[in-house]
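Spelled out, the chains give:
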Amino acid sequence: MQLGMIGLGRMGGNMVRRLMGAGHECVVFDVSPDAVNALAAEGATATSSLEAFVKALRPPRAVWLMMPAALVDAEVEALGALLEADDILVDGGNSRYTDDIRRAAALANKRIHYVDVGTSGGVWGLERGYSLMIGGDQTAVARLDPIFAALAPGEGSISRTP
């Protein structure tokens, strides 16, 4: 599956690496060209603007934001002007839930799906996987299942709870 990732810091960059390791195609964008170039050298498709980022993704698009909560509103607004009906926008940070509800309602007017995925795992997520707290409409969440499966940790060696 193809996924676009915006925000290539320690978690976002490692999430891209984990996804590519599982066979997914990643298109990347960040304010740091060095972060973009590092992932391009590992196989991601690099972009240098939001417009180029959106054009590099095949519709229906799946875009994941991995950035500080204070920056999400501006990024959602900018992407809302570029994305199309049936595209999915994921906030992978830990935004306040009321902000996610407001963003989802605003994007719903354009028929853009909004999924909030509180993501935990830090720099260890690359090896161990990420805990994902997923919220969104069933259609969008189901479409992203291959991405969630690649990011989530496996069962590990701990016995399952009876």
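Note that the structure is a prediction, hence the values are computed from the model and not measured. (Residues numbered from 1 in each chain as written. Predicted model: local features only at pLDDT ≥ 70, side-chain atom pairs only at ≥ 80, totals over all residues. Heavy atoms only, no water.)

## A closer look at helix 2 (residues 33–41)
Then, in step 1: Within helix 2 the residues assigned to the buried category are Ala 35, Val 36 and Leu 39. One side of helix 2 holds all its buried residues, which, seen down the axis, span an arc of 100°. In helix 2, the exposed residues that point more than 90 degrees away from the buried face are Pro 33, Asp 34 and Ala 41.
Then, in step 2: Against helix 1 (10–21), strand 2 (25–29) and strand 3 (45–46) lie the buried residues of helix 2.
Then, in step 3: A positive phi of about 120° marks Gly 43, the residue just after helix 2. (Buried < 20%, exposed > 50% of the residue type's maximum accessible area, 1.4 Å probe, protein only. Helix = DSSP H or I, 4+ residues; strand = E, 2+ residues; numbered from the N terminus. Arc of directions from axis to C-beta. Contact = heavy atoms within 4.5 Å.)

## Things to note about the nonpolar core
Then, in step 1: By size, the foremost hydrophobic cluster in this structure holds 29 residues, and its most contacted members are Met 5, Leu 8, Val 16, Trp 64, Val 115 and Leu 151.
Then, in step 2: Discounting residues that sit within four places of it in the chain, Val 115 has contacts with Ile 88, Leu 89, Val 90, Asp 91, Ile 134, Gly 135, Gly 136, Ala 140, Val 141 and Leu 144.
Then, in step 3: Val 27, Phe 53, Leu 83 and Tyr 114 belong to the second-largest nonpolar core, a separate cluster that totals 18 residues. (Core = buried A, V, L, I, M, F, W, Y, C linked by side-chain atoms within 4.5 Å.)

## Thoughts on the side chain of Asp 30
Then, in step 1: The topology assignment puts Asp 30 in the loop between strand 2 and helix 2.
Then, in step 2: At 2.6 Å, the side chain of Asp 30 forms a polar contact with the backbone nitrogen of Leu 8.
Then, in step 3: Polar side-chain contacts of Asp 30 include one of 2.7 Å to the backbone nitrogen of Ser 32.
Then, in step 4: With sequence-adjacent residues up to four places away left out, Asp 30 is seen in contact with Gly 7, Leu 8, Gly 9, Ala 35 and Val 36. (Polar contact = N/O pair within 3.5 Å; in protein donor to acceptor, adjacent residues only side chain to side chain.)

## Description of the packing of aromatic side chains
Then, in step 1: Using the criterion set out here, one finds one aromatic pair in the structure.
Then, in step 2: With 6.2 Å between their ring centres and 65° between their planes, Trp 64 and Phe 148 make a pair best called edge-to-face. Taken together, the residues Trp 64 in strand 4 (residues 62–65) and Phe 148 in helix 8 (residues 145–151) connect sequence positions 84 residues apart. We note that Trp 64, like Phe 148, is buried. (Phe/Tyr/Trp six-rings, centres within 6.5 Å; stacked < 30°, edge-to-face > 60°.)

## With respect to the packing of helix 4 (residues 69–80) against helix 5 (residues 97–108)
Then, in step 1: As a packed pair, helix 4 and helix 5 sit with axes 11 Å apart at the nearest point and diverge in direction by 5°. Comparing the axis directions of helix 4 and helix 5 gives the class roughly parallel. Here helix 4 contributes Ala 69, Val 72, Asp 73, Val 76 and Gly 80 to the contact with helix 5, which in turn contributes Arg 102, Arg 103 and Leu 107.
Then, in step 2: Per-class residue counts for the contact of helix 4 with helix 5 are four nonpolar, one polar and three charged. (Axes fitted to C-alpha atoms, helices over the stretch in contact; angles between N-to-C directions. Parallel < 35°, antiparallel > 145°, perpendicular 65-115°, else oblique. Nonpolar A, V, L, I, M, F, W, Y, C, P; charged D, E, K, R; others polar.)

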